[in-house]
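# Structural overview for review
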Amino acid sequence: MFKKVLIANRGEIALRVIRACRELGIETVAVYSEADRESLHVRFADDDVCIGPPPSRLSYLRIPNLIAAAEITGADAIHPGYGFLAESAEFAETCEASNIAFIGPTAEQIRLMGDKAAARKLATELGIPVVPGSLGAVEDADAAVKVAEELGYPVIIKAAAGGGGKGMRVARDAAAFQQAFSLARNEALAAFGSAEVYIEKYLDRPRHIEIQVMGDRYGKVVHLCERDCSVQRRHQKVVEEAPSPALDQKMRERMGEAAVKAASRISYVGAGTVEFLLDPDGHFYFMEMNTRIQVEHPVTEMVTNFDLVKEQIRVAAGERVQLHLKGNRVRGHAIECRVNAEDPFRNFQPSPGTITAFHPPGGPGVRVDTHIYAGYTVPPYYDSLIAKVIVHGRDRQEALARMHQALDSFIVEGITTNIPFLQRVIRHPDFEAGNVDTKFLEREPGLFKPE
Ligand code: ADP
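Quick notes on the rules
Residues numbered from 1 in each chain as written. Predicted model: local features only at pLDDT ≥ 70, side-chain atom pairs only at ≥ 80, totals over all residues. Heavy atoms only, no water. Helix = DSSP H or I, 4+ residues; strand = E, 2+ residues; numbered from the N terminus. Expected span 1.5 Å × (residues − 1). Buried < 20%, exposed > 50% of the residue type's maximum accessible area, 1.4 Å probe, protein only. Contact = heavy atoms within 4.5 Å. Polar contact = N/O pair within 3.5 Å; in protein donor to acceptor, adjacent residues only side chain to side chain. Near = heavy atom within 4 Å. Areas by Shrake-Rupley, 256 points an atom, 1.4 Å probe, with all protein chains shown as cover. Nonpolar A, V, L, I, M, F, W, Y, C, P; charged D, E, K, R; others polar. Domains from an automatic or database assignment. Salt bridge = Lys/Arg side-chain N within 4 Å of Asp/Glu carboxyl O. Axes fitted to C-alpha atoms, helices over the stretch in contact; angles between N-to-C directions. Parallel < 35°, antiparallel > 145°, perpendicular 65-115°, else oblique. Left-handed = near helix turned anticlockwise from the far one by under 90°. Pairing = 2+ DSSP bridges. Buried area = accessible area lost by both parts, 1.4 Å probe.

Here we take up helix H8 (residues 174-192). One turn of the α-helix equals 3.6 residues, which is why residues spaced by three or four share an orientation. Here H8 spans 26 Å end to end across 19 residues, near enough to the 27 Å set by a 1.5 Å rise per residue. By the burial criterion, the buried members of H8 are Phe177, Ala180, Phe181, Ala184 and Ala188. Tucked inside the fold, the buried residues of H8 contact helix H7 (141-151), strand E6 (155-159), strand E7 (168-171) and strand E8 (197-201). Two residues or fewer past H8, Gly193 is found with a positive phi of approximately 70°.

The residue Glu296 is located in the loop between strand E13 (284-290) and helix H10 (297-304) in this model. There is a polar contact of 2.7 Å between the side chain of Glu296 and the side chain of Gln294. Leaving out residues up to four positions away in the same chain, Glu296 has contacts with Glu210, Arg227, Cys229, Lys237, Glu240, Glu336 and Arg338.

With that out of the way, let us pick up the site of the ligand. Among the 21 residues in the neighbourhood of the ligand, the closest are listed as Gly165, Lys201, His208, Gln232 and Glu288. In the model, an oxygen atom of the ligand is placed 2.9 Å from a nitrogen or oxygen of the Glu275 side chain. Surface burial for the ligand is 95%, taken as the share of its 550 Å² of free accessible area covered by protein chains. Elements with a contribution of two residues or more to the shell around the ligand: E6, E8, strand E12 (270-278) and E13. Of the residues assigned to the shell around the ligand, the class counts are eight nonpolar, seven polar and six charged. If you count residues domain by domain, the shell around the ligand takes at least three from each of domain 2 (132-201) and domain 3 (207-448).

Per the counting criterion, the structure on display carries 30 salt bridges. Two residues, Arg207 and Asp228, come together in a salt bridge whose shortest N-O distance is 2.9 Å. Note that Arg207 is positioned in strand E9 (residues 207-215) and Asp228 in strand E10 (residues 221-233), a separation of 21 residues in sequence. Judged by relative accessible area, Arg207 falls into the buried class, the value being 9%. By relative accessible area, which is 3% here, Asp228 ends up buried. With a closest N to O distance of 3.0 Å, Glu275 and Lys237 form a salt bridge. Placement of Glu275 in strand E12 and of Lys237 in strand E11 (residues 236-242) is noted, with a sequence separation of 38 residues between them. Lys237 carries the same exposure label as Glu275, and that label is buried. Residues joined in a network through salt bridges with shared partners are Glu210, Arg227, Lys237, Glu240, Glu275, Glu296 and Arg338.

Let's shift gears to the packing of H7 against H8. One way to put it is that H7 packs onto H8 with a least axis distance of 11 Å and a crossing angle of 140°. The pairing of H7 with H8 is recorded here as oblique in orientation. Of the two elements, H7 crosses H8, and the hand of that crossing is right-handed. Where H7 abuts H8, its residues Ala141, Ala144, Val145, Ala148 and Glu149 lie against Ala174, Phe177, Gln178 and Phe181. Residue composition of the contact of H7 with H8, by class: seven nonpolar, one polar and one charged.

Read across the open sheet, the five strands follow the order E3-E2-E1-E4-E5; overall the sheet is parallel. What marks the edges here is a single partner per strand, and that holds for strand E3 (47-52) and strand E5 (101-102). As paired strands, strand E1 (residues 4-7) and strand E2 (residues 27-33) are joined by four bridges and run parallel to one another. Residue pairing across strands places Ile7 opposite Ala30, the latter belonging to E2.

The subject of this paragraph is the side chain of Ser33. Secondary-structure assignment places Ser33 in strand E2. Within polar-contact distance, the side chain of Ser33 engages the side chain of Tyr382 at 2.6 Å. Once you skip the residues sitting within four places of it in the chain, Ser33 turns out to touch Cys50, Gly52, Pro53, Pro54, Ser59, Tyr60 and Tyr382.

Many structure descriptions define interface size as the accessible area lost when the parts assemble. Domain annotation of the chain identifies domain 1 (4-103), domain 2 (132-201) and domain 3 (207-448). Across the domain 2 to domain 3 interface the summed buried area is about 440 Å²; carbon plus sulfur atoms make up 50%. Summed over the shared surface of domain 2 and domain 3, the number is zero salt bridges. Our count for the domain 2 to domain 3 interface comes out at zero residue pairs in polar contact (both at pLDDT 80 or more).

Time to look at the environment of Val42. Along the polypeptide, Val42 turns up in helix H2 (residues 40-44). Distance in space between the C-alpha atoms of Val42 and Val315 is 26 Å, their sequence separation being 273 residues. Not counting residues within four places of it along the chain, the set of residues in contact with Val42 comprises Ala30, Tyr32, Asp36, Arg37 and Asp48.

The subject of this paragraph is the pairing of E9. Put simply, side chains in a regular strand alternate between the two faces of the sheet. Within E9, nine of the nine residues are buried, which leaves it mostly tucked inside the rest of the structure. The alternating pattern of E9 places Arg207, Ile209, Ile211, Val213 and Gly215 and His208, Glu210, Gln212 and Met214 on opposite faces, both of which are buried. Here nine bridges tie E9 to E12, and the two strands are oriented antiparallel to one another. Paired with Met214 across the strands is Ala271, a residue of E12.

The next point concerns the sheet that holds E6. Sheet strands line up and pair through hydrogen bonds in the backbone, either parallel or antiparallel. Judged by pairing direction, the sheet is antiparallel, and its three strands sit side by side in the order E7-E6-E8 without closing on themselves. Every other strand in the sheet has two partners, leaving E7 and E8 as the edge strands with one partner each. Taking each pair of neighbouring strands and ignoring which way they run, the sheet shows an average axis angle of 25°. The sheet contact formed by E6 and E8 spans five bridges and is antiparallel. The partner of Ala159 across the bridge, within E8, is Val197. Along the sheet, helix H6 (residues 116-125) contacts E6 and E8; its crossing angle with E8, the most-contacted strand, is approximately 50°. Of the strands in this sheet, E6, E7 and E8 touch H8, which is tilted by about 175° from E7.

And the structure:
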């Protein structure tokens, strides 16, 4: 087992990883930018190193600084968390070259799945249904128009190297296509350094359903059922739950099998997520694979009672996957709400600043993953996630009641948060009925209006 793990991240996920290390008896190293000096991950880690000024490209994204921090502190492994360098093949490679274990898949696996067009090809070869579209990346605008015409509008143009909802553009008709195509290419180039894009049919009312997988070095891959992440704003997740209200046991097993097939094909090691879209007729389509722990992993932890971060660390250290879900059945129901420092009634404008009062919710079945506290200043440099409220109940109804209770008693003062928006979302009759798709929020402008 590792002796000392450096966490190449900040915020709630850095704390999450520190907790897992503590339970495993592993020492920890926090890294921080000058803006994060007062952060809890710095306080809770055994060791800490400042890695640069506030902008992440000068700190959390600087590979040499992270490697140097690991070498100075004698860390023998690095956990990348999510975001930042979590899906950087170059980072994984540099770690290995420096004799530091990267807690995640191999650089080659990251590279393959990070090219979403290549991942689509792989799924197709395995007989896994993919969203109808171009087989790989499209060569140029002429080839792209051809694909779009064949598919029929609307279509979605996506960056092959994309992630986080960036570099995606929807074109509703031929007239809009040219512009959407060049915008997507430019956005992709600016955000990911590659203008490569591919095209998919834009499905009408899909649900976003993803399967959690975990693999070890001995070729074993297991799945831990699904998460339903259909409540999205601008293609970004807002509320997640498990199990999905839309799946029966047969569908669950079919999607789980498809996910395991894709991950097994590349002998995937570590935690990963295979994302699918599910259409209203019950057809599912492979979309992409994320090669990291996800923000929403706690909902799976709540319904399986497994610790995914500890398992990531164990398999990275060469142990076998120990998780086994009997009969692919989960326990009860879990929901997660992402609490952000942003103003939901002013176009979700970020709201950094100092927190003057803080009281997190609690009680049976309530978990809050957060790094904030009274007196903490949310810096303006990073993403706006300040807490995840996760609830678990015997069934969906109990989970919902617990989420009402939890959000209603969550006190954060001094900054604006999206809690009032989340309260509305979970009280919406369609969400209550479990009857949502990825365009649900788009159809409900009322949810975004101030009182
Ligand atoms: P990213 O990696 O940037 O998050 P994804 O490929 O995972 O991008 O897509 C994010 C979201 O965009 C999906 O959850 C879904 O809501 C929407 N989306 C992506 N592809 C399609 C499609 N072909 N049809 C309809 N919606 C889509």
